[in-house]
Amino acid sequence: MKTNHAKLIAWVDEVAAMCQPDSVYWCDGSKAEYEDMIKITVDAGLATPLKKRPGCYLFRSHPSDVARAEKRTFIASKRKEDAGPTNNWIDPVELKATMTECYTGCMKGRVMYVIPFSMGPIGSPISKIGVELTDSPYVVINMRIMTRIGKDVLKVLGDDGEFVKCLHSVGKPLAPGEKDLSWPCVPDVDKKFISHFPEERMIWSYGSGYGGNALLGKKCFALRIAGVQARDEGWLAEHMLILKLTNPEGKSYYVCGAFPSACGKTNLAMLEPVFPGWKVQTVGDDIAWMKFGADGRLYAINPESGFFGVAPGTSMSSNPNAMKTIATNSIFTNVGLTDDGDVWWEGIGTPAPAHLIDWQGNDWTPDCGRPAAHANARFTAPAAQCPVIAPEWEDPAGVPISAILIGGRRKTSIPLVTESLSWEHGVFLGSIMGSEITTADITDKVGQVRRDPFAQLPFMGYHMGDYLQHWLNIGKKSDESKLPRIYFVNWFRKNAEGKFIWPGFGDNSRVLKWITERIAGTGKAVKTAIGNMPTLDSIDISGTSVSEADMAELLAVDKEAWLAEIESIKAAYLEYGDKLPATLVRELKELEARLK
Ligand code: SAT
Ligand code: MN
């Protein structure tokens, strides 16, 4: 690999001296190289080719290494108060010393891969470059799908371009002749580290090979480190999907949406509208980087080039476009393997086969009492394969955003949709959003609401209070009329019998349609204490099982519930101490006054 980037070369040498790999390999990003990497993993028994899906492979992780490790994720800013109350903090000097010990000799018997990657279209003014050093071929394979990698990136980087240093090791050196494990990692969760050094724009990850712990372009760079860059440079790095909605008249709107992990972002980004003549196309399903254009509007790019989606529950009815995307050239992790060489998971929409091999590599039958796929099993698929990918999804200029949706899983209180009264009110709504804690969260707080501002709680690179102030500052940089409108949505309301009232999935297009009508100035709304709400007849529910009474419930302002909500918001706000923006305190007071 040819580069004259002295700082990059010096850093690679320095890491190689510490980790002591047998060799160093610079990834060029070619298809041939990708195929070689696949062959290495298949030959070593790490991957299984899927006979039924051309170019698709299955990996099974170690049972200790199946998701992001939030309690082992650190923001090692120089000062603790810069990490804030929602992050784990360790002094960077101490953390580097601890991790240097872990890293010393950790790549023995392995190859260290150098992956230059671009978050965003190569060369876009909104894009940024990172270089990941890893001892995991699985990571190389996934990074080539999720980001743009290789020699074209080095070209843009030039001799002295800036890049984010991303170091990753699975933490399992091999003695001479030792056979590799099918999923090398550090099984003891308390010995894994996913560390961020925001001032240095550096990431050090050790001990995990899974998802966002190891594919460092995604949450570590594109949200936590880019969040700090965005704060310093005056833009937004957000946990948001980007979709394009076109009405029968041919007018298109670009919409972003922030929802916590596993709330259906991928499904919403690829939704099939229920109305004839309407079309949804995908720009991104997880992350949006937004910068102001010369016209004062916010333009978004999807920094990724693939989807790392949750497999269980994905089916031809919940997300046909995702199913078509993953028909070829995709990586599956922790799903079931059928006897004829296909994948299967809970909620895939086809009957369970009589026998398969489960995500842990064991025989599985429908009556065995265990799920075939892990609940956080994933597919990694090239975005370009999505049948509804928007033609402009790689436009280096980005797409102009008209609306931002925010929402979590709330069975009560929060209506189906509320339009913010202003940018500041919208930021307030973003600051109070949250989800009910489910049993999957492994805590004793099941049922309580966890506030998750803009769905960024696990992805913050700095103080949450400063982040909310940054959102308020962004609103001052342009005319309110040019800023996207903010909509608080909740697809997850339940009735007294505990059943979902709103059908969700494709039917969410009914709400999107009203939002475009609001932007166009034709949609009907009433101003309430909590924001602008659709009139009862303005969301078309024809052909659904939703009754008018259901609609009234979905759009009611439950005063008692909101007053209780205010108490819980006050408690959450206390955490931010003196970094809580005064504007949000004012918004909360005004809300309380309007309700009373
Ligand atoms: O593993 S990832 O962090 O990439 C996905 C998620 O948990 O949201
Ligand atoms: Mn996500």
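Since the structure is predicted, the reported quantities are computational estimates derived from the model, not experimental observations.

(A) Spotlight on the site of ligand 1. Taken together, the residues surrounding ligand 1 are Arg-68, Gly-211, Gly-212, Lys-218, Lys-219, Ser-261, Phe-308 and Arg-378. In the model, an oxygen atom of ligand 1 is placed 2.9 Å from a nitrogen or oxygen of the Gly-212 main chain. Protein burial of ligand 1: of its 250 Å² of free accessible surface, 95% is covered by the chains. Counting only elements with at least two residues in the shell around ligand 1, the list comes to α7 (211-214) and α8 (217-233). Partitioning the shell around ligand 1 into residue classes produces 1 nonpolar, 3 polar and 4 charged.

(B) Quick peek at the packing of helix α11 (residues 423-432) against helix α12 (residues 464-476). Contact geometry of α11 with α12 gives a least axis separation of 10 Å together with a crossing angle of 160°. Classified by the interaxial angle, the pair formed by α11 and α12 is roughly antiparallel. Crossing angle aside, the handedness with which α11 passes α12 is right-handed. From α11, Trp-423, Glu-424, Val-427 and Ser-431 reach across to α12, where they touch Leu-468, Trp-471, Leu-472, Ile-474, Gly-475 and Lys-476.

(C) Broad picture of the side chain of Glu-419. Mapped onto the elements of the fold, Glu-419 is located in strand β25 (residues 417-419). Glu-419 sits in the buried class, given a relative accessible area of 2%. A distance of 2.7 Å separates the side chain of Glu-419 from the side chain of Tyr-487, its partner in a polar contact. Within the structure, the side chain of Glu-419 is placed 2.7 Å from the side chain of Arg-518, a separation counted as a polar contact.

(D) Fine view of the packing of aromatic side chains. Here the structure, examined in full by the defined rule, presents 23 aromatic pairs. When the centroid spacing of 5.7 Å and the interplanar angle of 90° are considered together, the rings of Tyr-103 and Tyr-206 count as edge-to-face. Of the two residues, Tyr-103 is situated in helix α4 (residues 92-103) and Tyr-206 in strand β10 (residues 202-206); the sequence distance between them amounts to 103 residues. By relative accessible area, Tyr-206 is classed as buried at 10%. Centre to centre, the rings of Phe-117 and Phe-221 are 5.9 Å apart; their planes meet at 65°, and the pair counts as edge-to-face. One end of the pair, Phe-117, is in strand β5 (residues 111-119); the other, Phe-221, is in helix α8, and 104 residues separate them in sequence. Of the two residues, Phe-117 and Phe-221, neither departs from the other in class, the shared state being buried. In this structure an aromatic cluster arises from ring pairing among Phe-59, Tyr-138, Trp-183, Tyr-210 and Phe-308. Here the basic side chain of Arg-72 rests over the ring of Phe-193, its NZ or CZ set 4.8 Å away from the ring centre.

(E) Summary view of the sheet that holds strand β22 (residues 363-364). Strand order across the open sheet formed by 4 strands is β20-β19-β21-β22, with antiparallel pairing between neighbours. Only two strands of the sheet have a single neighbouring strand rather than two, namely β20 (343-344) and β22. Of the strand pairs in this sheet, strand β19 (residues 336-338) and strand β21 (residues 356-357) are connected by 2 bridges, and their pairing is antiparallel. Bridge pairing in β21 links Thr-338 to Leu-356.

(F) Structural view of the pairing of strand β9 (residues 193-197). In terms of residue burial, β9 counts as a mostly covered element, since 5 of its 5 residues are buried. Alignment of strand β4 (residues 73-75) against β9, held across 3 bridges, turns out to be parallel. Its bridge partner being in β9, Thr-73 is matched across the sheet by Ile-194. Examined bridge by bridge, β9 and β10 share 5 bridges and lie antiparallel to one another. Residue pairing across strands places Ile-194 opposite Ser-205, the latter belonging to β10.

(G) Main features of the pattern of salt bridges. The final tally for this structure, using the stated rule, is 39 salt bridges. Lys-579 is the partner of Asp-466 in a salt bridge, and the nearest nitrogen-oxygen pair spans 3.0 Å. One end of the pair, Asp-466, is in helix α12; the other, Lys-579, is in the loop between α15 (559-574) and α16 (582-595), and 113 residues separate them in sequence. With a relative accessible area of 24%, Asp-466 lands in the partly exposed category. Glu-587 is the salt-bridge partner of Arg-586, the closest N and O atoms lying 3.4 Å from each other. Judged by its relative accessible area of 36%, Arg-586 falls in the partly exposed class.

(H) Focus on the nonpolar core. Counting residues in each nonpolar core, the largest one holds 112 residues, and the members touching the most others are Phe-332, Trp-345, Trp-471, Trp-491 and Trp-502. Ile-126, Cys-166, Ile-194 and Ile-301 belong to the second-largest nonpolar core, a separate cluster that totals 47 residues.

(I) Local environment of the side chain of Asp-65. With respect to the helices and strands, Asp-65 occurs in the loop between β3 (57-59) and β4. A polar contact of 3.4 Å, which involves the side chain of Asp-65, links it to the side chain of Lys-192. At 2.6 Å, the side chain of Asp-65 forms a polar contact with the side chain of Ser-208. Once residues lying within four places of it in the same chain are set aside, the contact partners of Asp-65 are Trp-183, Cys-185, Lys-192, Ser-208, Gly-209, Tyr-210 and Asn-213.

(J) Up close: the coordination of the manganese ion (ligand 2). Coordination sphere of the manganese ion (ligand 2), protein contribution only: Lys-219 (NZ), His-239 (NE2) and Asp-286 (OD), at 2.0 to 2.2 Å. Mapped onto the sequence, the donors of the manganese ion (ligand 2) take the spacing K-x19-H-x46-D. You can see Lys-219 sitting in helix α8 and its partner His-239 sitting in the loop between β11 (236-238) and β12 (240-246), a full 20 residues away along the chain. Taken individually, Lys-219 and His-239 each receive the classification buried, so the pair is uniform in this respect.

(K) Inspection of the sheet that holds strand β18 (residues 331-333) at higher detail. Read from one edge of the open sheet, 5 strands run β2-β3-β18-β23-β17, paired in mixed fashion. Because the sheet does not close on itself, it has two edges, and the strands there are β2 (47-49) and β17 (306-310). Averaged over all pairs of adjacent strands, the angle between strand axes in this sheet comes to 20°, irrespective of strand direction. Two elements, β2 and β3, share 3 bridges in a ladder whose sense is antiparallel. If you follow Thr-48 over to β3, its bridge partner there is Leu-58.

(L) Region of the structure containing α15. For α15, which comprises 16 residues, the first-to-last C-alpha distance of 23 Å matches the rise-based estimate of 22 Å (1.5 Å per residue) to within 8%. Buried-residue contacts for α15 involve α11, β27 (449-451), β28 (485-489) and α16.

The rules behind each value
- Residue numbers here run from 1 along each chain, matching the order of that chain's written sequence.
- Labels are handed out in written order, letters beginning with A for the chains and numbers beginning with 1 for the ligands.
- Totals for whole chains, interfaces and linings use every residue, but because this is a predicted model, local features are given only for residues with pLDDT of at least 70 and side-chain atom pairs only at 80 or more, for both listing and counting.
- Excluding hydrogens and water, the side-chain values take into account all heavy atoms of the structure.
- We define proximity as follows: a residue is near a molecule or strand when any one of its heavy atoms falls within 4 Å of that partner.
- For this analysis, a polar contact is any N or O atom pair within 3.5 Å, provided that within protein one partner can donate a hydrogen and the other can accept it, and provided that sequence-adjacent residues contribute only side-chain to side-chain pairs.
- Calculation of accessible area relied on Shrake-Rupley with a 1.4 Å probe; when residues are assessed, cover is drawn exclusively from the protein chains displayed.
- Going along the chain from the N terminus, every DSSP run of H or I of four or more residues is numbered as a helix, and every run of E of two or more is numbered as a strand.
- When residues are sorted by character, Ala, Val, Leu, Ile, Met, Phe, Trp, Tyr, Cys and Pro go into the nonpolar class, Asp, Glu, Lys and Arg into the charged class, and all the rest, Gly among them, into the polar class.
- An axis is simply a line fitted to the C-alpha atoms; with a helix, the fit covers only the stretch in contact. Between two such axes, the angle follows the N-to-C directions and lies from 0 to 180 degrees.
- Put simply, angles under 35 degrees are roughly parallel, angles over 145 are roughly antiparallel, angles from 65 to 115 are roughly perpendicular, and the rest are oblique.
- Here a crossing is called left-handed whenever its near helix is offset anticlockwise from the far helix by less than a right angle, and right-handed whenever the offset is clockwise.
- Working rule for contacts: check all heavy atoms of both residues, and any pair within 4.5 Å makes them a contact.
- Note on classification: 1.4 Å probe, protein chains only; a residue is buried when its accessible area is under 20% of the maximum for its type, exposed when over 50%, partly exposed between these limits.
- By convention, a stacked pair of Phe, Tyr or Trp rings (six-membered ring in the case of Trp) has centres within 6.5 Å and planes under 30 degrees apart, an edge-to-face pair has planes over 60 apart, and any other such pair is tilted.
- Whether a charge sits over a ring depends on NZ of Lys or CZ of Arg being within 6 Å of the ring centre and within 35 degrees of the ring normal.
- Note on pairing: two strands pair once DSSP finds at least 2 bridges between them.
- For this analysis, a salt bridge means a side-chain nitrogen from Lys or Arg found within 4 Å of a carboxyl oxygen belonging to Asp or Glu.
- Nine residue types can take part in a nonpolar core, namely buried Ala, Val, Leu, Ile, Met, Phe, Trp, Tyr and Cys, and a core is a set of them joined through side-chain atoms within 4.5 Å.
- The donor set comprises N, O and S atoms within 2.8 Å of the metal, extended to 3.2 Å for Na, K and Ca; water molecules are omitted, so apparent gaps in a site may simply reflect that omission.
- In this analysis, the expected span of each helix is defined as 1.5 Å times one less than the number of residues it contains.

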